[in-house]
Amino acid sequence: MLLFESCSAGVFAIGVGITAVLAVVSLYAVVVWPLTLWDLANLGLEKYGAYSETALWSVFAGGTLAGYWCFSGAAFRNRSKTALKTPIRANRPKR
């Protein structure tokens, strides 16, 4: 169950990434392209196509690890706090 929930967090991370890319592309298609007629043909983004699969798997792995961290409860565990050593008053010499 924990593995399934962690993988679903990875899929959710990919969904958030795709939504962000879709928002940027739609903003470009609605605002930039009609005003400037700049179609990005000479930008040369084809050379980065080989990295797309690596980026996609990295986002999935990062989302899965973040999901495992949250769903396992490690994110919500209390950290051990270092106790301050206070002197005990009974051990002090009396005046």
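Up top is the structure.
Rules used throughout
Residues numbered from 1 in each chain as written. Predicted model: local features only at pLDDT ≥ 70, side-chain atom pairs only at ≥ 80, totals over all residues. Heavy atoms only, no water. Helix = DSSP H or I, 4+ residues; strand = E, 2+ residues; numbered from the N terminus. Buried < 20%, exposed > 50% of the residue type's maximum accessible area, 1.4 Å probe, protein only. Contact = heavy atoms within 4.5 Å. Phe/Tyr/Trp six-rings, centres within 6.5 Å; stacked < 30°, edge-to-face > 60°. Polar contact = N/O pair within 3.5 Å; in protein donor to acceptor, adjacent residues only side chain to side chain. Patch = residues over 30% accessible without salt bridge, like charges linked within 9 Å, V, L, I, M, F, W, Y side chains within 5 Å. Areas by Shrake-Rupley, 256 points an atom, 1.4 Å probe, with all protein chains shown as cover. Salt bridge = Lys/Arg side-chain N within 4 Å of Asp/Glu carboxyl O.

Caption draft 1: Here's a closer look at the overall build of the protein chain. If you tally the helices and strands in the protein chain, you get two helices and zero strands. For the protein chain, with 95 residues in total, the buried portion stands at 9%. Counted over contacts in the protein chain with a minimum sequence separation of 6, partners at least 24 positions apart contribute 74%.

Caption draft 2: View of the packing of aromatic side chains. Across all of its chains, the model carries one aromatic pair by this definition. For the pair Trp57 and Phe60, a centre-to-centre distance of 5.8 Å together with 85° between the ring planes defines the contact as edge-to-face. You can see Trp57 and its partner Phe60 sitting in helix 2 (residues 51–71), three residues apart, about one turn around the helix.

Caption draft 3: Layout of the side chain of Thr64. With respect to the secondary-structure elements, Thr64 resides in helix 2. The exposure class assigned to Thr64 is buried, which follows from its relative accessible area of 15%. Side-chain polar atoms of Thr64 contact the backbone oxygen of Phe60, separated by 2.8 Å. The contacts of Thr64, once residues within four sequence positions are left out, are Ser6, Cys7 and Gly10.

Caption draft 4: Highlighting the environment of Cys70. Mapped onto the elements, Cys70 comes out in helix 2. Between the C-alpha atom of Cys70 and that of Ala9, which follows or precedes it by 61 residues, the distance is 9.7 Å. Setting aside residues up to four positions removed in sequence, Cys70 forms contacts with Ala75 and Phe76.

Caption draft 5: Fine view of the side chain of Ser6. Turning to its location among the elements, Ser6 is positioned in helix 1 (residues 2–36). At a separation of 2.8 Å, a polar atom in the side chain of Ser6 contacts the main-chain carbonyl oxygen of Leu2. Ignoring any residue separated from it by four or fewer positions in sequence, one finds Ser6 in contact with Gly63, Thr64, Gly67, Tyr68 and Phe71.

Caption draft 6: Structural context of a nonpolar patch on the surface. A cluster of nonpolar residues, Leu27, Val30, Val31, Val32, Leu35, Trp38, Leu43, Leu45, Tyr48 and Tyr51, forms a patch on the protein surface that exposes about 1100 Å² of accessible area. When residues of the nonpolar patch are assigned to their parent elements, the largest contribution, five residues, is made by helix 1. Mapped onto the fold, Leu43 is located in the loop between helix 1 and helix 2.

So, to be careful, I would describe these as geometric facts and stop short of saying anything about function.
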